[in-house]
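Architecture at a glance
So the chains spell out like this:
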Amino acid sequence: MHWTWSWWLFVVALIVMTFISLLAGAAFAFIITAVVGFLF
């Protein structure tokens, strides 16, 4: 496979977006837990 700058950009973007989705998922789970804990 020929590694060009676009492939490196793709890999970096993939890692960054995965990290952001992970943080968003953790925040979403925290919010759901807080809401459920508040209601029940």
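See the structure above.
Residues numbered from 1 in each chain as written. Predicted model: local features only at pLDDT ≥ 70, side-chain atom pairs only at ≥ 80, totals over all residues. Heavy atoms only, no water.

In terms of helices and strands, the protein chain carries 1 helix and 0 strands. With respect to the three principal axes, the spread of C-alpha positions in the protein chain is 55 × 10 × 5 Å. The burial tally for the protein chain puts 0% of its 40 residues in the buried class. (Helix = DSSP H or I, 4+ residues; strand = E, 2+ residues; numbered from the N terminus. Buried < 20%, exposed > 50% of the residue type's maximum accessible area, 1.4 Å probe, protein only.)

With that settled, the discussion passes to the packing of aromatic side chains. Geometry of an aromatic ring pair is reported as the spacing of the ring centres plus the angle between the planes. Throughout the structure, instances matching the rule amount to 1 aromatic pair. For the ring pair W7 and F10, a centre distance of 6.1 Å and an interplane angle of 85° mean the geometry is edge-to-face. On the criterion of helical spacing, the pair formed by W7 and F10 is a turn pair, its members being 3 residues apart in helix α1 (residues 5-39). The partly exposed category is assigned to W7, whose relative accessible area is 36%. (Phe/Tyr/Trp six-rings, centres within 6.5 Å; stacked < 30°, edge-to-face > 60°.)

This next bit is on a nonpolar patch on the surface. Taken together, the side chains of F28, F30, I31, I32, V35, V36, F38, L39 and F40 present a nonpolar region at the surface, about 1100 Å² in accessible area. As for its position among the elements, V35 is in helix α1. (Patch = residues over 30% accessible without salt bridge, like charges linked within 9 Å, V, L, I, M, F, W, Y side chains within 5 Å. Areas by Shrake-Rupley, 256 points an atom, 1.4 Å probe, with all protein chains shown as cover. Salt bridge = Lys/Arg side-chain N within 4 Å of Asp/Glu carboxyl O.)

This brings us to the environment of V35. Taking relative accessible area as the criterion, V35 reaches 42% and is therefore assigned partly exposed. Between the C-alpha atoms of V35 and T4, which are 31 residues apart in sequence, the distance is 47 Å.

These values are about where atoms sit, not about what they do.
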